[in-house]
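The residues making up each chain are set out below.
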Amino acid sequence: MSYPVLYRSSMLFTYIFPAGTYECAFVIGPVMYTAKAQMNVALLPDEITMKINPLIVNCAESSNVSIKATIADTTETYDVNWHYSVSKLTDLKNTSKTSLQYFSNMSVPCPSAALDHTDDINTNLKSQHGSSMTTNLTLTLVFIAASSGNIDYSAMAHIKCDQPTEEQYVRITFKNNVNQEKSEQYTIPIIYENTKVCSDDNSDGIWPKTPDGTTVTIHTCENNTVGHKTRTCKGREWLPVFNSCVDKKLSEVVSEAEYFEKGMGASQDLAKNVFEGLKNFSTSETTESTANVIGVIKVLDVMATASKTFAMTEEILPNFVESASNILDKNWQGVNDSYIHTMSSQYLKSVEGLVKYIKVKNTNNVATPNINFEVCSGSDCNLKVFGINVTLHNGTKVVKTVGLKNLIHKLPNNYQNSEQLSDKIIVVTQEEESTSPFKITLDFPNKPPGHRKPLCVYWDTEKEDWSEEGCTVKSSINGSTLCECNHLTAFSILMGKGNTPDPTLDIITYTGLAVSICSLIIFLIIEYLVWSALIKSNLSHFRHTAMVNIASFRLLADCSFLASIYPEILTDEWCLILTICKHVFYLAMFSWMLCLSVMLVHQIIFVFSPLRKRVFMFFSSIVGYVCPILIVGTSYLFCKYTKTKYYEPDKCWLVYDGPLQGSMYAFLLPVGTITLTNLFSMVVVILTLMKTAVPGGSQKQDKETAKSIFKVVLYLTPVFGITWAFGFLLRVLNEDHPAYLFANYTFTILNTFQVN
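What counts and what doesn't
- Residues numbered from 1 in each chain as written.
- Predicted model: local features only at pLDDT ≥ 70, side-chain atom pairs only at ≥ 80, totals over all residues.
- Heavy atoms only, no water.
- Helix = DSSP H or I, 4+ residues; strand = E, 2+ residues; numbered from the N terminus.
- Buried < 20%, exposed > 50% of the residue type's maximum accessible area, 1.4 Å probe, protein only.
- Contact = heavy atoms within 4.5 Å.
- Areas by Shrake-Rupley, 256 points an atom, 1.4 Å probe, with all protein chains shown as cover.
- Core = buried A, V, L, I, M, F, W, Y, C linked by side-chain atoms within 4.5 Å.
- Pairing = 2+ DSSP bridges.
- Axes fitted to C-alpha atoms, helices over the stretch in contact; angles between N-to-C directions.
- Expected span 1.5 Å × (residues − 1).
- Arc of directions from axis to C-beta.
- Polar contact = N/O pair within 3.5 Å; in protein donor to acceptor, adjacent residues only side chain to side chain.
- Bend = angle between axes of the 7 residues up to and from the residue.
- Disulfide = S-S within 2.5 Å.

Student: Lay out the overall build of the protein chain with the relevant residues and their values.
Tutor: Helices and strands together make up the secondary structure of the protein chain, namely 13 helices and 38 strands. When burial is assessed residue by residue, the protein chain has 43% of its 756 residues classed as buried. If you take every contact in the protein chain between residues at least 6 apart in sequence, the share linking residues at least 24 apart comes to 66%. As presented, the protein chain carries roughly 40,200 Å² of accessible surface, and 56% of it is formed by carbon and sulfur atoms.

And the structure:
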């Protein structure tokens, strides 16, 4: 059975909260059943703006300061409380500008969350029993004028000029009728006696004398701009001015976008107005300032947030794409790199959000110089954006792809010391989330030079950095790189510091390690069996003790290396353990090499003052056992304290983040120092052999001397770890250097077969 239903409401619209009396009437024949309910909304200020006069309190001139807090005009009655951290405030008062009320009768469609204005309403609703009801709704609206009416609250403070240990601040708190509170606090900058200050400066604004470490805000902008400027005093020097003054037209667009996000008249028409205003502004010359670029990005960000709850239609696409494209050609300078990274990350996140949630029916593509928007329907899509082939398998009905130019170099890149390879970013989204597994392939027409490793990456919005998770390089041939991923977001390719996998090098490495491990085991067994026969003097004891320790630690290091050749199958705990083992064992091996070289040089230089056994063993134990453990433990704790990575999970080895950055230097610096010391020791031995040669001797004697030197070099080079110098050479050379491949093979061959 159908029941005519009549809804009446007398409502006061304050911001987005419909407060008022709601009445519902059911009419059955001549009988009408009615019910009423009153809804009140307790408000809090959206924004509290605090200013002081003077901007800087100079105790040598005056200790009084006036404080003013401003909020938008409202019908809410607040309990306002001032608090000063040092003493009480005086001369409290407020000034209100009366708001205007406008009355209007209109019909609105009940189911529309945005309350779009219409004249006729015929909406079918379902009751609990499933019967159809005809709805007629008439509203009497009372609007609070959204004009520039403000309420100002002011107070006076007497500054305490006896320099306190804590900062002096003023706080104002607004409490509504349900005891909800909102506060704003202002720290008062004060110049005490003997305070470091920056002198007055009238360049790009009037900047008063300011104490060190204080940021001053002035609300003075050039013509046709609104906002503020800030400047920080550091030491006795002013830092550059940060200009947040935006064009008035852009400020209006920002306000419209914020109203839209809050639901104040949110409609397709308002969304189109926002993006039309943004497009018109982005094409003007006034967009060039960094503050205006930040303002445009803010509009995109606000509308992207609003698009999650309000479905925008494709009519806004051309203006959105054009304005987003124009802003990429504008001036992003005038701020530090960190701020540019934040701006670019926010821009990318906003564009991706808008592309995902804007509903598309008939649009196939929108092309601009910096943005190319393509749409594909069907489970398998093939698109080409800026020359990059994109294929999605087993996707949903509507797939939207956007190519972006002139953005990737603005984004931060701290991923594995990599570099930009492509100048494009590809954003791929679906209107409906896919419940079944899918994969996406992207064929970039870029290939790293030389032996650089390509990296298929996506933009991680939480970490604000690139990541390879879920993406792999399928091939990198014929001048292109094919990437495959199992999720959708913003993709690109980078080139890493490391080489591409070389099967020949892998074979040499594994073969050499196997031979080395077998040789080391045989050597240690022989040493054990003939130890008593070999140790006839302190000198032989020193030499064989060092050799046994070198071989033992090399054996342990090689076994740890082989255990970590497949890091993808290891847990993080095992990867960390193996990294620490390799770090300790290799350092211990080099430390005993140092002990051996120092002992040899001492015997050559101090022939008649031989080392005592107790001294050598004590010295060697400290250097060979204690020092490696201290170095590894200190480097690990330092990384934990500074919250930096100690090891790379995909390599199970130390981190190299660039010159003198990363835990790798806890290995490179000790090994480099030992290698140079051992090289010096070998030079001393060679010079000693040359001195022992008889001057003017026969040719045969000269040959014997040369043979002796050759034997020394051949024997001591691996024993002293001199071959590891090729490893340092690899750190210096670029991967595309002609000598890099030779140095890489030489280092691998010499050091895998180092002890056999």
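Student: Give me the nonpolar core: which residues, what numbers.
Tutor: Counting 62 residues, the largest nonpolar core has Met303, Met312, Phe320, Tyr347, Leu404 and Ile425 as the members making the most contacts within it. Ranked by the residues each element gives to this core, the list is headed by helix α3 (residues 290-306), at ten residues. Every residue in contact with Phe320, bar those within four places of it in the chain, is listed here: Phe275, Leu300, Val351, Leu354, Val355 and Ile358. Core analysis: the next-biggest nonpolar cluster, separate from the first, contains 44 residues, Ala546, Met589, Met599 and Cys652 among them.

Student: Requested: an account of the sheet that holds strand β14 (residues 181-187), with residues and values cited.
Tutor: Reading across from one edge, β7-β13-β14 is the order of the three strands in this open sheet, with antiparallel pairing throughout. Only two strands of the sheet have a single neighbouring strand rather than two, namely β7 (79-84) and β14. Strand-to-strand, the axes of this sheet are offset by a mean angle of 15°, without reference to chain direction. Note: β7 against strand β13 (residues 169-175), six bridges, orientation antiparallel. What sits directly across from Asp79, in β13, is Lys175.

Student: Explain helix α1 (residues 248-262) to me, using residue names and the numbers behind them.
Tutor: For an α-helix, the turn length of 3.6 residues means that residues three or four places apart are oriented alike. A rise of 1.5 Å per residue sets the reference length of α1, with its 15 residues, at 21 Å; its end C-alpha atoms lie 21 Å apart and thus fit the reference within 8%. Of the positions making up α1, those classed as buried are Leu250, Val253, Val254, Ala257 and Phe260. One side of α1 carries all its buried residues, which in axial view fall inside an arc of 120°. Among the structural elements, β23 (246-247), α2 (268-282) and α3 are those in contact with the buried residues of α1. The distance from a side-chain oxygen at the start of α1 to the backbone nitrogen of Lys249 is 2.8 Å, and the residue carrying that oxygen is Asp247.

Student: Quick rundown of helix α6 (residues 503-534)? Include the residues and the values.
Tutor: Its axis deflected by about 45° at Tyr528, α6 carries its strongest bend there. Every buried residue of α6 is listed here: Leu505, Ile508, Thr509, Gly512, Leu513, Ser516, Ile517, Ser519, Leu520 and Glu527.

Student: Provide a residue-level description of the state of the cysteines, including the pertinent values.
Tutor: In protein chemistry, a disulfide is the covalent bond that joins the sulfur atoms of two cysteines. Throughout the structure, instances matching the rule amount to seven disulfides. Here Cys456 is linked by a disulfide to Cys483, with a sulfur-sulfur distance of 2.0 Å. Because the sign of the S-S torsion sets the handedness, a value of about -80° for the bond joining Cys456 and Cys483 places this disulfide among the left-handed ones. With a gap of 27 residues between them, Cys456 in strand β32 (residues 452-460) and Cys483 in strand β35 (residues 480-485) connect regions that are remote in the sequence. On the basis of relative accessibility, which here comes to 1%, the residue Cys456 falls in the buried class. Each sulfur of the disulfide joining Cys471 and Cys485 lies 2.1 Å from the other. The sign of the 115° torsion about the S-S bond sets the Cys471-Cys485 disulfide as right-handed. Placement of Cys471 in strand β34 (residues 471-477) and of Cys485 in strand β35 is noted, with a sequence separation of 14 residues between them.

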